[in-house]
Amino acid sequence: MMKVTVVGAGNVGATCADVLAYREVANEIVLLDIKEGLAEGKSLDIWQKAPIDLYDSRTIGATNDYSKSANSDVVVITSGLPRKPGMSRDDLIGTNAGIVKSVTENIIKHSPKAIIIVVSNPLDVMTYQAHITSKLPRTRLMGMAGILDTARYRAFLAEALNISPKDIQAMLLGGHGDTMVPLPRYTTVAGIPVTELIDKDKLNAILERTKVGGGELVKLMGTSAWYAPGSAAAQMVEAIVKDQRRVFPVCMKLEGEYGIKDCYLGVPVVLGKNGIERVIELDLDKDEKALLESSRKAVREVMDVLEKLG
């Protein structure tokens, strides 16, 4: 009997719960939120389409009642506020860090053996906050960003090449956002290096579009994305619950890998029943190393802001 809890019943959290139910990843999926009735309503809506989409996973909603999440195998944290007009980066970090800290404390109280996946923004530093609050081994606490970023990259490539996205494999490193490090050398189409199928200028344009992929959606909709982020988090949960040992880029605390210590960055790992089963170190060239170091500095600056806020 596998149990998954998603904290935050907003667009991303509800999408994640819906995908988990549809794929029958767990027997029970709990959706939690602080807004009265929101989690209950969305979980009931997801359950009522089970006879239509033919799945058995039971979805249960609760308002701020973490006892419902007890003994979860995996917990996904999507809680947090979006950045509002006039709000500084430091304000956003302070507000969301407080939310993530409180959520993490409640998770550990009721599900001390859970593996935690953080989706809240700013992603890298919120993963840091959850880690220092939970005191879990780094293999059991990670952030979701790399799967989303590579999905955007692959979708843009599929569009440009007029091919199925199913045949595109890609990898990237670093922080979530403008300083991410896409790796064209490790991008293939059915095993064919992507550099043989697209010219350099077009590929570079796609890489730059990927880096601001989230911002592009905010400009179009006036709010953050949710279908792709929710599905990406669900894919991580599925890899863990089903012990698939899939290779994904995830945000984690580095302890010497890539020559980096005490920083939370996206790197390729093997995901299985124990969480992060193994970290994969790629042989980076000089330019890739320089980009990764720039990304490390940017993430470290945001971590420093959190530390100064206490």
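Further up the page is the structure itself.
Remember, it's a predicted structure, so these values are computed and weren't measured experimentally.

A closer look at the sheet that holds strand β11 (residues 192-193)
Stage number 1. Read from one edge of the open sheet, three strands run β7-β10-β11, paired in antiparallel fashion. A strand with exactly one partner marks an edge of an open sheet, and here the two such strands are β7 (168-169) and β11.
Stage number 2. Two strands pair when backbone bridges link them, and strand β10 (residues 188-189) and β11 are joined in this way by two bridges, in the antiparallel orientation. Opposite Thr-188, over in β11, you have Pro-193 as the bridge partner.

Some details on the environment of Trp-226
Stage number 1. Tracing the sequence through the fold places Trp-226 in the loop between α8 (213-221) and α9 (227-241).
Stage number 2. A C-alpha to C-alpha distance of 8.7 Å links Trp-226 and Cys-16, two positions 210 residues apart in sequence.
Stage number 3. Excluding anything up to four places from it in sequence, Trp-226 contacts Asn-11, Val-12, Thr-15 and Met-221.

Let's talk about the pairing of strand β2 (residues 28-33)
Stage number 1. Of all six residues in β2, five are buried; the element is thus mostly enclosed.
Stage number 2. The pairing of strand β1 (residues 3-7) with β2 spans five bridges and is parallel. Within β2, the position partnered with Val-7 by the bridge is Leu-32.
Stage number 3. Handedness of the β1-helix α1 (residues 11-22)-β2 crossover: right-handed.
Stage number 4. Pairing of β2 with strand β3 (residues 58-63) involves six bridges; the strand directions are parallel. From the neighbouring strand, Glu-28 faces β3, where its bridge partner is Arg-58.

Re the side chain of Thr-78
Stage number 1. As for its position among the elements, Thr-78 is in the loop between β4 (74-77) and α4 (89-110).
Stage number 2. Residue Thr-78 is classed as buried on the basis of its relative accessible area of 18%.
Stage number 3. Within polar-contact distance, the side chain of Thr-78 engages the backbone oxygen of Gly-8 at 3.2 Å.
Stage number 4. Leaving out residues up to four positions away in the same chain, Thr-78 has contacts with Val-6, Val-7, Gly-8, Val-12, Gly-13, Val-119 and Ser-120.

Some words on the packing of helix α5 (residues 123-134) against helix α10 (residues 286-309)
Two numbers describe a pair of packed helices, the interaxial angle and the distance between the axes.
Stage number 1. Packing of α5 against α10 brings their axes to within 9 Å, and their N-to-C directions diverge by 45°. Taken together, the axes of α5 and α10 lie oblique to each other. Like other packed secondary-structure pairs, α5 and α10 cross with a definite hand, here right-handed. Listed contacts from α10 to Asp-124, Val-125, Tyr-128 and Gln-129 of α5 are Val-299, Val-302, Met-303, Leu-306 and Glu-307.
Stage number 2. Grouping the amino acids of the contact of α5 with α10 by side-chain chemistry returns six nonpolar, one polar and two charged.

What counts as what
Residues numbered from 1 in each chain as written. Predicted model: local features only at pLDDT ≥ 70, side-chain atom pairs only at ≥ 80, totals over all residues. Heavy atoms only, no water. Pairing = 2+ DSSP bridges. Helix = DSSP H or I, 4+ residues; strand = E, 2+ residues; numbered from the N terminus. Contact = heavy atoms within 4.5 Å. Buried < 20%, exposed > 50% of the residue type's maximum accessible area, 1.4 Å probe, protein only. Right-handed = clockwise from strand over helix to strand, strands pointing away. Polar contact = N/O pair within 3.5 Å; in protein donor to acceptor, adjacent residues only side chain to side chain. Axes fitted to C-alpha atoms, helices over the stretch in contact; angles between N-to-C directions. Parallel < 35°, antiparallel > 145°, perpendicular 65-115°, else oblique. Left-handed = near helix turned anticlockwise from the far one by under 90°. Nonpolar A, V, L, I, M, F, W, Y, C, P; charged D, E, K, R; others polar.

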